[in-house]
Every structure is written in structure tokens, then in C-alpha cells.
There are 6 protein chains.
Amino acid sequence: MRLCVINPNTSGEMTAVISRAARSVARPDTEITAVTSPTGPASIESHYDEALAVPGVLQAISDDPGAHGYLLACFGDPGLDAAREVAGAPVLGIAEAAFHLAAPLGRGFSIVTTLGRTVGRAEDLVRHYGFTRQCLGIHACEIPVLELESNPHTAEILTKACREALLADGSDVIVLGCAGMADLARTIGDRIGAPVIDGVAAGVGMLSALAAMGARTSTASGEFAAPRPKPYIGLLRGFGT
Amino acid sequence: MRLCVINPNTSGEMTAVISRAARSVARPDTEITAVTSPTGPASIESHYDEALAVPGVLQAISDDPGAHGYLLACFGDPGLDAAREVAGAPVLGIAEAAFHLAAPLGRGFSIVTTLGRTVGRAEDLVRHYGFTRQCLGIHACEIPVLELESNPHTAEILTKACREALLADGSDVIVLGCAGMADLARTIGDRIGAPVIDGVAAGVGMLSALAAMGARTSTASGEFAAPRPKPYIGLLRGFGT
Amino acid sequence: MRLCVINPNTSGEMTAVISRAARSVARPDTEITAVTSPTGPASIESHYDEALAVPGVLQAISDDPGAHGYLLACFGDPGLDAAREVAGAPVLGIAEAAFHLAAPLGRGFSIVTTLGRTVGRAEDLVRHYGFTRQCLGIHACEIPVLELESNPHTAEILTKACREALLADGSDVIVLGCAGMADLARTIGDRIGAPVIDGVAAGVGMLSALAAMGARTSTASGEFAAPRPKPYIGLLRGFGT
Amino acid sequence: MRLCVINPNTSGEMTAVISRAARSVARPDTEITAVTSPTGPASIESHYDEALAVPGVLQAISDDPGAHGYLLACFGDPGLDAAREVAGAPVLGIAEAAFHLAAPLGRGFSIVTTLGRTVGRAEDLVRHYGFTRQCLGIHACEIPVLELESNPHTAEILTKACREALLADGSDVIVLGCAGMADLARTIGDRIGAPVIDGVAAGVGMLSALAAMGARTSTASGEFAAPRPKPYIGLLRGFGT
Amino acid sequence: MRLCVINPNTSGEMTAVISRAARSVARPDTEITAVTSPTGPASIESHYDEALAVPGVLQAISDDPGAHGYLLACFGDPGLDAAREVAGAPVLGIAEAAFHLAAPLGRGFSIVTTLGRTVGRAEDLVRHYGFTRQCLGIHACEIPVLELESNPHTAEILTKACREALLADGSDVIVLGCAGMADLARTIGDRIGAPVIDGVAAGVGMLSALAAMGARTSTASGEFAAPRPKPYIGLLRGFGT
Amino acid sequence: MRLCVINPNTSGEMTAVISRAARSVARPDTEITAVTSPTGPASIESHYDEALAVPGVLQAISDDPGAHGYLLACFGDPGLDAAREVAGAPVLGIAEAAFHLAAPLGRGFSIVTTLGRTVGRAEDLVRHYGFTRQCLGIHACEIPVLELESNPHTAEILTKACREALLADGSDVIVLGCAGMADLARTIGDRIGAPVIDGVAAGVGMLSALAAMGARTSTASGEFAAPRPKPYIGLLRGFGT
């Protein structure tokens, strides 16, 4: 089985973090292809960045048509519905995957994300996927995405934020709100004594489960069928058919 | 006052329909600038089309920075949150505007849209904006977007669909689910004897109201502040700052 | 176009405030008729006051049958559904209008109202109109309605309450919870650096938009059709038909 | 113990029906005072009628200050919140009471009411009291309120409507949607083989339970404290203090 | 009329408390049979305890088939749906009953329960029965169930917790979250000046109301019909048919 | 890795079906221990059966303390919260697992279960886990649990029911509502051309994902900590500690 893990931003360092997190939970017989988006923002920290990350995500999928599953490794799950229309295998976002695997581990979870301005998007996803009962709070550590790796205090700051979120919300589980935090999940979990869910690992696990069942995005209702062919013009003319 | 009405698809004929609908409700002292998206799909009929219409919408806004309000004239409200971060005046989507003006006209409304595969997106918007109580049904007439104008039976088919929706849902109001239907609102309303809301007209009215109050998108919580500057690479490098 | 703005309480001073707020946003070609309720309480600060303000609201509408829109200028929207059955043009409440125009300006709004005991009614309206996601908090400044004008510290107290609400709720927008605050919206907005929505201005804007579209309350489902004629007895016998 | 059952419309025949239904479930030591509203509509079949029934309800309560509980015997629960502010004992509406006692008898209930135009109000009450999960459908038999008694086919028509509602909704229980149906609950229940809840009987039962516990409307949060004294003018000047 | 009040735990002292609370509100012509569960945990303080209390509850019902109503006197309402399938009369849980009688006494209530770990179960019941709007907070006093009686400071600690809950939540009513607190409802209510609802008294009142109406659990949809007969094996073989 | 799959009813034939379904998706390095409950009903088709299946489920877990995950293979997820308190590894129910893996495959799913009387329980679980948006309908094929294997027409009847559910609900995915249907998922999926999710396979996949991440039930909030030790009496005395 081969899973394609797409970093929707264009920073290769972050792709490396994501790749390691994905491989750490993959079974020996599962191959991980980690891809950096070919176009768009260096990091995703606004609705603007996220919207403009989507063409790169869709390009990455069409560039690798043979995978058995696709994981969009940005916590805004950018382009997820569009990706499902064009991918030949199941597609998950890491927020989605994290919520699905965090929910059965306790009564409720807290999300700890990067910048406060991204809290709204996380809230929208929680509501869209159906986890309003389980999500007890969303907190920002105010470290920008690309500083997660370079800041020597990231682990410490995040651990503190996770511990405080757990107490403030009375929650059972932490969900990390950025793919760039993926490699810290176990460390923080050990320190705070509670499950810490990283969406990259969760996504690999859920895609493996779906693939083992032979399940893929349905086209039954037509919503996720292949898009009708039509001309595109201008900068994005290459996306037309 | 000048309002910029953006057609998120790249078909100039549809921009003409939208422009007429906008002007028909604008006050004499309100100027309407109708713009066709510079890049993307000829029509928006899938999540893929919609996602790839967003760069063109954002380009159109940055190409016309001085308007007093921006209206995204596609019923999927593509790129609305991103547009709010970069526009210097209020931004509305036509689905959003139509829901806000349909709600006070009765107990509930029915949406009549183009293709069945777009019903899911409409349902997501209804939920996101808070109209689950008022939206009593979403129906498709199965006319593709670009055939709305060319099909000689469009008015007849739509009128029938609207009348049936009203009865099936026990609703009071019809919301038209595509900017390409904008010029038919009054005709259908007269035929079925119930209010028929077109989002283009609704959006012009709401933007006029917001502008009269001097209201614009808030930056108080930070979510809709200008995006942090950062490099973009590849095809979309022009969107970076 | 002529809009009838009804002050549901019987204090003429407050009608003057409301009238000024309405005129400040109306287009030159829009005439505002401001009316004081002919019967009922001097101010509306309880469910009892509000219920007993409704006959006066309905009387005011039947006394001015030719307007192109009616605005109920009390934040409890008293008698709104009944008014819709008997008015020959669209009817809005100022809470309703304020919510509809506040929603598109950010992620969420806070309401700042007069007495704490009216918070429950505001909460009911938020839920009824569908703004539970967007309304992040309801706060009272504990100034009685009729002291809003006479108290020399009103602007200061309200500004403080609005600023605190914005921070406590993490909201983007303030909605003022009493028609008697209408003339303070711009002042407070300038001071706190965030949109402050007064329902009187919002209502005039939305009614103008509805009138421009030729839209009026639907009778399609029958709920808002004219009431069946029937005898009334006692004090209210004049309301029968 | 003495309970005051108020018929919010001004038809004495209907008060007699209500009175019999109340007495049929009252314990021997419970006295029922059945009161006809002193002013307002002969029957309540619109939002207009309901709003204008409220002054009479409030008058009836102030005319009989010594009861141990008050029941508002119209399915729209007119003036309930206002009544709670001024009554010296618990107040219930019959829709409210019916829902509370229907819920524990099965998974869900169907409401069968009089005219279709009143369905919206019932729906609002279901949502307000919290029974959206349990209320599986609301149906109209299209018999006007005052014809319930005179129409020789009422029992037959209602029985048919209740049976059909049970099947269509897959529900377990019927709630009768008008006080004028109160005397038919047992007959219909026997015929359709399912519990049929009349709000008048339910209200008497719940008020008896509350009175036995010594419970009354709380003034703790202040929302339901006595209204602040203030002048009223015009027709309703007698309601001021 | 005879009501069977079942203590789902196996501590006779607590049955005595429950019995007194039930009798204190029962009419003279209502007989209370108070029963201690024949098997299971000495107190119910976890999901494990609660699940294992259910066989005893079901046994107690089948041991006393002739009552006119059954009350499950543990705040987790253990085995309620199962009990409804096998009892020949209405069945209520005390959480359910308390919520139904607390709701009409104000805008919202707070629950004060024993151990923090039981808060989640209370939250699930609030949601299941439909009281999410009315339940404004759930608080634990951290006294284990069986210490409620022996701890000399119980009344004082609980009173303090109730008073704080009222203030923190802005609520109107307190619901006591354990049958073992039943005899303290009036004392605490007097001290805090707000209604304090004990589910045992509430349940007796509601069952009396249902019995007076001749209402019992419906079998109309089939969900609560008698279970299909089938063999049981092992320890629980006696429960088969 | 070793997963313990518990059949909560006491029919060994059904355990065999479950075991095969579990093994069909397990990786070569994953061992499946399939266990039949030691006590309780031969099949679970009512709330009564389900409640009385729980002691056997809890016994099975305590009889096999060393597994890396536990799956409760009955669609009512009997005893799930209790099991989480006592198991030393993650626990899932098959309804829960099926919902989590069905959701990302399309807009909505339909459940096809055995008897109509179990629909209510499925509906409760859908709501509890947060899938009200995604679950578009619940349908019964009216084959009793233990006839699923013996009835020669099961595959045909179920296929028809699934196809009809897909059309009636406009859904994308089918969730099979009984562990006894586990071996038919692929056959039906092939016939109807849409994903068919069996909770046994889904549960094995999700438990594998959780185990790979080293995640287990949280004790952070205390709700799912080990139950407090206490005496149990009577038939269930063995469950005390």
C-alpha cells in the first residue's frame, strides 16, 4: 500500500517533519510518499493563504494519480472536497483525521494551534465534521507556523499550552492544530499524561483502515463524481479539461 | 457609492446577466462595476471548479481596490473569508445575502439551484450562516449553469421547479441558487405568487445598507486582519507579498 | 419610498432618538415616518412590558397602512409575527435587522443591552433567528432604558461595556441592544475600533433593500396571511374585524 | 390546593370544555377555577389573535392573585413569560405541559392541531422548550377552533388525523394541539391504541406536582422578578403601576 | 394509586432517604413502595457501576409487576429504556423528572452532583432529554454518594455549591444530582432563595400526573414493546424468557 | 498487536461471522481474539437485551486483560463507557467505528439495520457521536439477528434495502447496522456500486490506527479512570472489588 501525504504549503522543511510523523506510524508494508505543494504560500496562516494553497494541493494529486490514499497535511484541510472529486483513492484532511481518532479516547478534546487568527477555521471544521460536543476548546500558542521548528522553546511552550488547555477545558485529549507540530505529539503526551493526537499520524492510520476495507470516496450521490469537463482560462488554464 | 460585483467564473455572458440584475435594484447614486474573473473555470459546478475560482476572485479584488463593497456573484460564495482579509470594504457572497433577505419574508425558504451535485455546497452554506431552521429544502432543476441562458425553456422549467419546491417544503419564499438565474427572479415571483430572492439583488441591497452605516469587515479579533506577508512560489507566486 | 419606524414604547423623547438614527442612514429619496406607540408602557424592560407594547405596535401599523416598510424599534422585536400578518409591506424588528447586518462583518458579535433581566429575551431572539454561532455573548450595562438619554455618563459606560465585551468574547462586532442607544453607534465604534451595529440603522437599510427588490412578506404557506375575521370583546374590541 | 385555568380566548363554551378536562384529572382536594379571558379574540388562530390575547391573560391573573398555580389553556402558550413575572405561583402553558408529559412515554410524538397556519407557532414552541428530537411532526386537521365543538365529525376527523400522524411520523404519542380538543383525548387514545396527551390535563398534573414540592417561578436571575413599576398610557393604562 | 420507587444501588440507608422524599410529596391516596435493588454496587459513581446496576433495576420491576408507575431513583437513570419495555406502567428516571419540572421555573438550571467523574453522564442525559438550552452548568461537590448521609457537613457544603452554581451560571433553579441528596432540597432552597429540585419528589409528581391521565409507555412504534422472547445463558440466564 | 473482538451476544455462530470479518482486514502481524460473551441474551434486539448484554461484555474484558484494543461487536455499542473505565487499552463499539470511517467517504450515509425496533438506539448513537449531519436515514430490513445467517434470502433482501436507502436518502455510503451482516459488506458494495461499511472491519482498522499511535483511553478528566472499589452484592457480587 502506498499513501501520498501532501504538505499544502511550499516549505520543504515542514514536509520533512510531516514525512517522519507519517512513517513513524506506518506499517512496514506501507509506503509513504511525502510531497511538497508545487505552488502557493510558504506557510498557511490565514484564509487567504489557505485558499491559495488549494491549487497546489490539486496539482499534487493529479501529479501522483496512483496512490492508495491521500492525506492533506495542513490543519485547515484545504481543498478537501475538491480533492475528493479528482482523486482515485480516499482523501483525508489532518484536522478531520485527528478529530475522528481523538473522539473515542475520552469525553472531549482541546485543540492547541499556532496563531489565534486560525482558531476560527478550526472551529468551522469542528462544526462541519460534527465534533461540537467533543471539542471543548481551541487555544493558540502564538508561534507562527515556520517558527515551530526554529524556535528552541517550541516543545516547552506547546507543552505548557496543552497542559493549560486540558485543565481549562476539563478535556481528556489534546489535538495538535498544525502539521508542523507532528513530531512533538509523543513527547508532549508523555509530559502531560494524556493522549496527544497529531493529525498526520491519525490520517495515516485512518487511510490504512479505509484501504484495508477497499473503501473509497463514493460517487453514488454525484456530489463527489469527477468534475464536468470545461475550459479554464488565464493563469489556471492548465486545470481545465 | 460604487459596488464591485465579481462574477467568479470566466464567462462574460453571465457577467452581463449579473450586471443587469445588480443595476436593476441599485439606487441612481450607486455605481455598479461588474467584473469577470480573470482566470479559472467557465462555470462553477463542482467543488473543484469552486476552489479554482478563488484565485480569480482574489485577483479581481486586488485589481479594484477602491470600491465601497464587493459582491461575489456565485452561489457557492467562493473565497469569501479570504476576500474579507484583503478587501478594503465589506464583502458578501450572493448565497449569504439571499439567505439574510429571504429569512424575514416568511417562515422558511426553499433553494432552487442548477445541478444536483451542487446541493451539498448549498447545504453547507445554509448551516454555516445559521439558516438551518429557515431553509426547508434544496432542489435542483438540472440545467447546467451555462445553459441557463441558451436553453429556451429555462424560465418555464425553473418556474415549475420553484412552484413544486414551495408546495413540497411548505415554504414561503424561493431563493434562486445561481447568479445566472438573476434576471428571472421577478418573472418567476409573479408567476408563483411568492417572493423569489436573487442573491445578486440581495447583495447589492445589503452592501448599500452596510455602506450607508459606514460598516466594514472587522479586524478586532484578528481573524480577518490583512494576511501576514510571506513568499509564494510557482504558478501563484504573484499572490505573495 | 416611505418607511414607518415605530417606537413600541410610549416615550416621545426616545422616538426622537430613533428618528434621527433612521434618517442618518436613509437615502435622500427615502422618507422616514417616526411614530410613538399610542398605548402601553413608557419603556420596555420586562416580558410584561413587551407583551403589553404589542397592541400599540399593531395599532400604529393599522393607523399608517401605506408605508413601504415597517420597523419595530425595540430590541425585543415585540409583535413581529403579528405585525407581518397585518402590514401591507415588509416588517422587521431591530434585533433581527442588527443580527443580519452584523453577521457578515466578522466571525461573531457581542450584544450590549440595558438591564440584565432583558438578556434572556435577546438570547431567545438570537436562537430564533439562527445566530447562535455568531452571537458570542450578551452583556448588560445596567442603565434603565429611559436613563440612557438623561445619564451624562451613558456614552462612557456603554463604550467601556462594549470594549470589555469585545475582549471577553473574542468577538469582532458589537450589536447595541436598545433603540435608545441608536445615536451612539458611530461614537462608540470610533472609540473601540470595531463595527458597532445599531438596529434602527440596520433596519432602515434592510427595508430599503427589500423594497428595492419589490419583496414583501409571503402569504404562500398561509402562516402570514391576513388573520381570519372574528369578534373581539372587552378593552381590545377595537382590534376585531 | 386551587389551580386557576385561564382560557385565553373569550368564548365561554370553550372554557367549559377546558374546565371539564381539568377537573377530570384533578385530585379531590384540588379545586379548579376556570376563567374566560375578559378581553380579546373569540378564538386564537393567528399570531395577531395570540398577541392580542395576552392582555386578557395578564388581567385574569391579576384578577385572581391567590391561586396555587396558573394554566394558560391555549396551545400557543400566549404571554407565558410575562405571566411568570406577575403571578404569585407557577405558570404553565398547555403546549409546554403536553410536551413535558408526552416525552417520557415513547421516542417521539406528533402534534395534531387545528389550522395549518398555526403549525409555525407550534414548531417555535417545540424548539423553544427543547423537544426538537421528540417532536416528529406537526399536522393540521383544518377544523377552525370554534368549530371543534359544533362540527359533528370532529372526533372522527381528529381520530383519522391522529392515526395518520402516528404512521407517517413513526411516532409513539399524539399531542393534541388545541385546548378545544381536550375532551377528546381519551376517546381518540382508545381508538388509535396510543397515548394521546391533552395539555390541559397535563398542565393540571404538572402544576399539582410543582405545588406539592412547594416550587414556584424563580426570581434568582432577575429575569422573572416583578416588572419595574412605570406609567402606561392610552387604552392599556390600567396595566401600569 | 401505588408507585414503586426503586433505589438502583444496594444500600438500604439510601433507600430510606429516597422513601422519605417520595412520601413527602405524595398525596394521601398514593402509596409509595420503596425498593432496594437486589444486586449490584453499593453506590453508583462510574459508568461501570451504573451499567451493573441495571440488572437489579430490571429485577426489581419484574418482582413488583402491579405498580401504577416506576421511578428509578439514581441520577444516571440506569436502565430506563429497558425498564420501559418490561414495565406495565410509566417509568421515569429522577434526572429526567427533575429536568422536566425544573425547566418551567425559570430560564435555566444548574445541576449540583456528587463526584466530578459523574458530570459527563449528567451532560449526556441533559442532551438526550433536550435540555441543553436550559442546563447552564453541571457542578460537583466531590462528596462520594455514601458519605452524603454520614458527612456532618453535607448540608453546608451542598448549600455553598448550590449558591455558587447559581451565581456562576446566572441560573434560576438548582437540580440536585443524586438521590441521596433528596432530603436536603427544601433546606437548601430556603437558604439560597431559589427553587431546588430533587428528582425523587419530581418523579413522584410526574408519575402521579401521568397516572391520573391514564397514560403509559407507548408501544405504537414498537421500540418499547415487550422484548422478543429468547434464551439467556450464564449468570443472567434468569432474565431470559 | 493483538485485538480482542467481543461478541456481546451469546451465539457462537455469530462470533464466527464476526471473527472472519475482523481477520479479513487485519494485517498479518495483527492477531484477532474473537470472544463470545459468557452470559446474557442469544441476540440483542431490544433495550432490555442490550442492557443485559453489558455484564457479559465487562466480564469478557476482565477475562482478557492483555489485548491492545477491544471491539464491542454489536451495533448498540453496549457498555462502551463502562468498558473504557476497566480496559487497559482503547475500546470501540462497531457503530462508533462505522460512523467514523463512513463519514469521510461522502456527504452522508444511510444505516440499514435488522428490526425496526432497534432504529431508535441507532438514532441515539448517531446523535451521541456527532453524526446527525452525515446520517441521512436509518432503515430496517426486518430480519431478526439470528436469522441473518439462516435465511437464504438475506443477501438479496439486504442488497435491496441498501439500494433503496441510497436512493431514498440521497446518500453516498451504507453503514450495516448489525455485526451479523459483517460478511456481506463487500458483496453488497459490489452490487450497489457504493461503499458499504461494516463496523467490525472499521473497528479493527481504527483500533490498529490507535494502537500504532500508542493512544489509549484518557484518564485526564477522571471520567474514565478505574471505578472506585466498592462492594457488590447478589447475583453480580463478582463484579465488585
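On a predicted model such as this, the values are computed, not experimentally measured, just so you know. (Residues numbered from 1 in each chain as written. Chains lettered and ligands numbered in written order. Predicted model: local features only at pLDDT ≥ 70, side-chain atom pairs only at ≥ 80, totals over all residues. Heavy atoms only, no water.)

**Quick look at the sheet that holds strand 2 (residues 31–36) of chain C**
All names here are of chain C. Read across the sheet, four strands follow the order 2-1-4-5 without closing on themselves; strand pairing throughout is parallel. Only two strands of the sheet have a single partner each, and these edge strands are strand 2 and strand 5 (91–93). Each neighbouring strand pair of the sheet contributes to a mean axis angle of 20 degrees, computed without reference to strand direction. As paired elements, strand 1 (residues 2–7) and strand 4 (residues 70–72) share three bridges and run parallel to each other. Paired with Cys-4 across the two strands is Tyr-70, which belongs to strand 4. Contacts from helix 2 (residues 47–63) reach strand 1, strand 2 and strand 4, with the element oriented near 155 degrees to strand 1. Here helix 9 (residues 199–213) sits on the sheet in contact with strand 1, strand 2, strand 4 and strand 5, set at roughly 155 degrees to strand 4. (Pairing = 2+ DSSP bridges. Helix = DSSP H or I, 4+ residues; strand = E, 2+ residues; numbered from the N terminus. Axes fitted to C-alpha atoms, helices over the stretch in contact; angles between N-to-C directions. Contact = heavy atoms within 4.5 Å.)

**Considering the nonpolar core**
Counting residues in hydrophobic clusters, the biggest one holds 532 residues, and the most contacted among them are Phe-99 of chain A, Phe-99 of chain B, Phe-99 of chain C, Phe-99 of chain D, Phe-99 of chain E together with Phe-99 of chain F. Tallying contributions element by element places helix 9 of chain C first for this core, with nine residues. (Core = buried A, V, L, I, M, F, W, Y, C linked by side-chain atoms within 4.5 Å. Buried < 20%, exposed > 50% of the residue type's maximum accessible area, 1.4 Å probe, protein only.)

**Considering the pattern of salt bridges**
Counted under the stated rule, the structure contains 90 salt bridges over all chains. One salt bridge in this structure joins Arg-27 of chain B and Asp-29 of chain C, with 2.8 Å as the shortest N-O distance. Here Arg-27 of chain B is found in the loop between helix 1 (12–25) and strand 2 (31–36), whereas its partner Asp-29 of chain C is found in the loop between helix 1 (12–25) and strand 2 on a different chain. Sharing partners across several salt bridges, the network here consists of Arg-107 of chain A, Glu-123, Asp-124 and Arg-127 of chain E together with Glu-223 of chain F. (Salt bridge = Lys/Arg side-chain N within 4 Å of Asp/Glu carboxyl O.)

**Focus: the environment of Arg-163 of chain B**
All names here are of chain B. Relative to the elements of secondary structure, Arg-163 occurs in helix 7 (residues 154–169). Among the residues examined, Arg-163 registers a relative accessible area of 40% and is labelled partly exposed. Each C-alpha atom of the pair Arg-163 and Gly-234 lies 49 Å from the other, and the pair is 71 residues apart in sequence. Apart from the residues lying within four places of it in its own chain, the contact partners of Arg-163 are Arg-191 and Ile-192.

**Considerations on the interface of chain E and chain F**
Listed as interface residues are 44 residues of chain E and, on the opposing side, 44 residues of chain F. Note on chain E versus chain F: buried area summed over both sides is about 4,000 Å², and carbon and sulfur give 59% of it. Interface area lost by chain E to chain F is led by His-47, Tyr-48 and Arg-117 of chain E, which between them contribute 18%. Along the contact surface separating chain E from chain F lie eight salt bridges. Here chain E is connected to chain F by 36 residue pairs in polar contact (both at pLDDT 80 or more). Elements that contribute at least two residues to the side of chain E that touches chain F include exactly strand 3 (40–41), helix 2 (47–63), helix 3 (80–86), helix 5 (119–129) and strand 10 (232–233) of chain E. (Buried area = accessible area lost by both parts, 1.4 Å probe. Polar contact = N/O pair within 3.5 Å; in protein donor to acceptor, adjacent residues only side chain to side chain.)

**A short note on the interface of chain A and chain B**
In this complex, chain A contributes 44 residues to the contact, which on the side of chain B involves 44 residues. Here chain A meets chain B over a buried area of about 3,900 Å², counting both sides, of which 58% is carbon and sulfur. Taken as a group, His-47, Tyr-48 and Arg-117 of chain A account for 19% of the area that chain A buries against chain B, more than any other trio of residues on that side. At the junction of chain A and chain B, the tally comes to eight salt bridges. Salt-bridge contacts for Glu-85 of chain B lead to Arg-117 of chain A; the nearest nitrogen and oxygen are separated by 3.2 Å. For the pair chain A and chain B, the interface holds 36 residue pairs in polar contact (both at pLDDT 80 or more). Elements represented by at least two residues in the side of chain A that touches chain B include exactly strand 3 (40–41), helix 2 (47–63), helix 3 (80–86), helix 5 (119–129) and strand 10 (232–233) of chain A. No other element matches helix 2 of chain A, which puts eight residues into the side of chain A that touches chain B. Taken together, the residues that form the side of chain A that touches chain B break down as 24 nonpolar, 10 polar and 10 charged. (Nonpolar A, V, L, I, M, F, W, Y, C, P; charged D, E, K, R; others polar.)

**Comments concerning the environment of Asn-7 of chain A**
Residues and elements named next belong to chain A. In this structure, Asn-7 sits in strand 1 (residues 2–7). Measuring from C-alpha to C-alpha, the distance between Asn-7 and Val-35 comes to 6.0 Å, with 28 residues separating the pair along the chain. Among residues more than four places away in sequence, those in contact with Asn-7 are Met-14, Thr-15, Ile-18, Val-35, Thr-36, Ser-37 and Ala-73. Side chain to side chain, Asn-7 and Thr-15 meet in a polar contact 2.9 Å long.

**What to know about the relation of the copies chain E and chain F**
For the pair chain E and chain F, the relating rotation is 180 degrees, the translation along its axis is 0.0 Å, and the fit reaches an RMSD of 0.0 Å. Taken together, these values place the two copies in the relation of a two-fold axis. The overlap is high: 100% of the interface residues of chain E also sit at the interface in chain F, so the same surface is used on both sides. (Least-squares fit on C-alpha atoms with pLDDT ≥ 70 in both.)

**Focus: the packing of aromatic side chains**
Residues and elements named next belong to chain D. Summed over all chains, the structure comprises 39 aromatic pairs over all chains. When the centroid spacing of 5.8 Å and the interplanar angle of 55 degrees are considered together, the rings of Phe-99 and Phe-131 count as tilted. Placement of the pair is Phe-99 in helix 4 (residues 94–102) and Phe-131 in the loop between helix 5 (119–129) and strand 7 (135–140), with a sequence separation of 32 residues. (Phe/Tyr/Trp six-rings, centres within 6.5 Å; stacked < 30°, edge-to-face > 60°.)

**A short note on the domain arrangement of chain A**
All names here are of chain A. As assigned here, chain A comprises domain 1 (2–94 + 201–239) and domain 2 (96–198). Placing the centre of domain 1 and that of domain 2 at their C-alpha centroids yields a distance of 21 Å. Between domain 1 and domain 2, the contact holds 29 residues from the first and 28 residues from the second. Approximately 2,200 Å² of surface area, both sides summed, lies buried where domain 1 meets domain 2, with 63% of it carried by carbon and sulfur atoms. For domain 1, the biggest contributors to the area lost against domain 2 are Val-17, Glu-45 and Phe-75; these three give 32% of the whole. Taking the shortest distance from any N to any O, the salt bridge between Asp-183 and Arg-20 comes out at 3.7 Å. Put simply, the parts of the chain that give the side of domain 1 that touches domain 2 at least two residues each are helix 1 (12–25), helix 2, helix 3, strand 5 (91–93) and helix 9 (199–212). Broken down by element, the residue count for the side of domain 1 that touches domain 2 peaks at six residues, all from helix 1. (Domains from an automatic or database assignment.)

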